[in-house]
Every structure is written in C-alpha cells, then in structure tokens.
Amino acid sequence: MRPLVQRLGYMAVTAVDPERLAADTANSIGARVVRRDGDTIFMSSNRRHAEYIIRKGTDNLQAVCGLEAVSASAVDEVHERCRDAGLAVLSTTPSLDVIEKSVTFATSEGHVFEVHTPMPNDREARYAGPGLRPKGLDHVNFTAADPEKWAREMNLSCGFLLTERTTGYEIAWMRAADGRHHTVAVVKSAAGGLHHTSWEFNSFQDFKGLADALIPESRRLIWGPGRHGAGDNLFLYFKNSADFLLECIAEMEIIHDEDMEPRVCDPGENLSNWKVVNQWGPLPPIEWVEHHTPLAPLPSAVPSPVTTN
Ligand SMILES: [Fe+2]
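Small disclaimer: the values here were computed from a predicted structure and weren't measured.

Things to note about the overall build of the protein chain
Helix and strand content of the protein chain: 6 helices and 18 strands. Scaling as 2.2 N^0.38, a compact globule of 309 residues should have a C-alpha radius of gyration of about 19 Å, and the protein chain matches this with 18 Å. Along the first, second and third principal axes, the C-alpha atoms of the protein chain reach 50 × 50 × 35 Å. Relative to its full complement of 309 residues, the protein chain shows a buried share of 56%.

See the structure below:
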C-alpha cells in the first residue's frame, strides 16, 4: 500500500536554554524564528508555518516528531491502524492551532509521532539573517532497543516502507510517499531515543559555509563531509548548542518504485563497511556511533504503550 505519510512535518524538542538553541539554529543552520508562544520558540527555513519547535524544559530532550499525512482521511486511517496494532493513541487534538486534524501516537519504546494535515505555507520564502539557507528538515534517525520491531510498528501505523536495512537490523531506513530513500530511520541502541535530525541543503557548497560558521565558537564537525552508501546522500554532522546531533544532507536518492524489495546490506563489524556508511572512506567516530538523545516522558495521563508482540 501507499504510505499514509507524505514527508516529515516538524520536530519538537525541549531545551534548557531555548533562546540559545534558537540563536544557534539561526547562525549555523540558517532557519529563522517565526513565532513565539510563551516560552516556546517556532522556527522555519521555508514557507511552512513551523518545522523546528523548541520548548523550555529541564533537559534537552526529543519530544514529538510531526509527520505530514497524505490527506485528512489518512489521519483517520493512521488512527485506526494504531488501534489495530496495539499502539498507544495519545491524542486526536492537534498540537498547534494551524493544524486542522491530527492523531498522536507512541511506539512501544516511547517515540511520539503526530501525524497531521499539512501546516499552512504562510511564511515568506525569503528572509533576513545569516546567508545559509536549508531547504528544510528532511529526515530523522531514532534509536531503539529493537529496530526490527520499531520498523514494523512504523509500517503498521503509518505505512512507511522499508527501503533498506542491515543484515542484523542494526540500522533500518524507511520511506514515505515522496519516495525519498528515508524519512525516518532507526539505529540499534540501549534504549529508545533520538540519534540525529537532518536538514537538507541545495548543494555541497553549503556545507563549507556551515562548517566555517562553527569556527568562531571553536566547534568542530563530528563526521564528514562524506557520501553515505544507504541513501547515496552527501552528509556532514555536528552537534548544536543543546547537544543534539544534526546532519546536513544533499542529493538524497529517490525511490520511484513503491513495490521495491527492501535492500539488505552488510554493515561490517562496528559499522566498518565503508561502502555502506561512507563511500568516500572515513568511518564514523565512536562519538557518532554512541550518540543518544533521550525522549521526553509521555504525558502521565496516557496509558503505557501496548507491545505488539
Ligand atoms: Fe541521516
């Protein structure tokens, strides 16, 4: 079946210092603040109402990942499919006033997703500020203790298609209706969490400006630039001011065949197969491999997710 999600919608995080994180996201990535609501800051890098939402918190945590549904009826279908799969439905009230309809659910490891009708394109495409301009947020890699189960839950709930996985399900990449090699992915870890969030840029040339923007603050890249095997995309990684791992990409592979058999690749011991992780050669440092951002706790009124096994 066709995926019920078109593409990534937004990312919501909590941060100890939202102002610092917003300023860093503007200076390094190039997104700008578009709205403030109490101590919540909304950012966007394009015409969309908001795509990166920073809430004041006691820790720097991953909160909610918004996923743009292919239609309003697809939101209803996700709701039904979550119930059928035994996944906890947390809310059917949209998290923002500009979202018409949504359903929010949690995976069995506690990742929270809001599948929603599109946010309005009510921002100006061009804006003042630092020169770098991403196209927008494009994919998210989560961590899970059981990536195979996580991938099954994302397929059952939202219809995400498995594009590629490693032989032992150490990593799995899943695509939405727009056909990009992956919109959500998962890396095996000790617990459910966030590995990295990715911003898409127009070209490799933008990576130079971004890396140079880190120099005045004596910050360095974590990995890259390089070209992944899975997804064939150019990449570069660094950590933002709240210690979230960010990826910047360009040239992600598009899969046009919805019926494509999932690819299976051998990652090598400790991700040592450079043809999978980086076609240009250099392997990921341990700092990248072991990175893990915890998840914000589920609302206390919500029952614990039911496992699907
Ligand atoms: Fe990535």
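Observations concerning the confidence of the model for the protein chain
Taken residue by residue, the protein chain gives an average pLDDT of 95. The fraction at 70 or more is 97%. The model gives residues 300-309 a pLDDT under 50, and that stretch makes 18 contacts with residues more than four places away or in other chains.

Description of the pairing of strand β1 (residues 5-15)
The element β1 is extensively covered by neighbouring structure, given that 9 of its 11 residues are classed as buried. With 8 bridges connecting them, β1 and strand β5 (residues 61-69) associate as antiparallel partners. Pairing of V5 across the sheet is with A69, part of β5. Sheet topology places β1 next to strand β4 (residues 52-56); 5 bridges connect them, and they run parallel. Pairing of T14 across the sheet is with R55, part of β4.

Describing the pairing of strand β8 (residues 112-116)
Across the 5 residues that make up β8, a large majority, 5, are buried. Burial of β8 is two-sided: the residues V112, E114 and H116 facing one way and the residues F113 and V115 facing the other way are all buried. The pairing of β5 with β8 spans 4 bridges and is parallel. Looking at the pairing, C65 lines up with F113 of β8.

Points about the coordination of the iron ion
Taken together, H139 (NE2), H196 (NE2) and E247 (OE) make up the protein donors of the iron ion, found 2.0 to 2.2 Å from the metal. All donors of the iron ion belong to a single chain; written as a sequence motif, their spacing is H-x56-H-x50-E. Of the two residues, H139 is situated in strand β9 (residues 136-144) and H196 in strand β13 (residues 193-200); the sequence distance between them amounts to 57 residues. With a relative accessible area of 0%, H139 lands in the buried category.

Some details on the domain arrangement of the protein chain
Along its sequence, the protein chain is carved into domain 1 (5-116) and domain 2 (136-294). The centre of domain 1, based on its C-alpha atoms, is set 19 Å off from the matching centre of domain 2. If you look at the interface, domain 1 gives 37 residues, while domain 2 gives 46 residues. Interface of domain 1 and domain 2: buried area, both sides summed, is about 3,200 Å²; carbon and sulfur atoms make up 64% of it. In this structure, the connection of domain 1 to domain 2 is made through 2 salt bridges. Of all the elements in the fold, those that place two or more residues in the side of domain 1 that touches domain 2 are β1, α1 (18-29), β5, α2 (72-85) and β8. Here the residues of the side of domain 1 that touches domain 2 are counted per class, giving 19 nonpolar, 12 polar and 6 charged.

Structural notes on unusual backbone geometry
Put simply, G224 and P225 share a cis peptide bond, and its omega is 10°. Position of P225 relative to the elements: it lies in strand β14 (residues 223-227). A positive phi angle is found at D243, which is not glycine, with a value near 70°. As for its position among the elements, D243 is in the loop between β15 (234-239) and β16 (245-250). With a phi close to 65°, E251 is a non-glycine residue in the positive phi region. Position of E251 relative to the elements: it lies in the loop between β16 and β17 (263-265).

Focus: helix α3 (residues 147-158)
In this model, α3 (12 residues) spans 16 Å end to end at C-alpha, consistent with the 16 Å of a helix rising 1.5 Å per residue. Within the span of α3, buried status applies to P147, K149, W150, A151, E153, M154, S157 and C158. In the stretch just after α3, G159 is the one whose phi turns positive, near 75°.

Observations concerning the pattern of salt bridges
Within this structure, the stated rule accounts for 21 salt bridges. Its salt-bridge partner being R35, residue D97 comes within 3.2 Å of it at the nearest N-O pair. Taken together, the positions of D97 in the loop between β6 (88-91) and β7 (102-106) and R35 in strand β2 (residues 32-37) put the pair 62 residues apart, joining distant regions of the chain. Given a relative accessible area of 62%, D97 falls into the exposed group. A salt bridge links E51 to R48; the shortest N-O distance between them is 3.8 Å. For R48, a relative accessible area of 9% translates into the label buried. One network of salt bridges, in which partners are shared, links R20, D24, E217 and R219.

Rules used in this analysis
- Residues numbered from 1 in each chain as written.
- Predicted model: local features only at pLDDT ≥ 70, side-chain atom pairs only at ≥ 80, totals over all residues.
- Heavy atoms only, no water.
- Helix = DSSP H or I, 4+ residues; strand = E, 2+ residues; numbered from the N terminus.
- Rg over C-alpha atoms; globule rule 2.2 N^0.38 Å.
- Buried < 20%, exposed > 50% of the residue type's maximum accessible area, 1.4 Å probe, protein only.
- pLDDT = per-residue confidence, 0-100.
- Contact = heavy atoms within 4.5 Å.
- Pairing = 2+ DSSP bridges.
- Donors = N, O, S within 2.8 Å, 3.2 Å for Na, K, Ca; no water.
- Domains from an automatic or database assignment.
- Buried area = accessible area lost by both parts, 1.4 Å probe.
- Salt bridge = Lys/Arg side-chain N within 4 Å of Asp/Glu carboxyl O.
- Nonpolar A, V, L, I, M, F, W, Y, C, P; charged D, E, K, R; others polar.
- Expected span 1.5 Å × (residues − 1).

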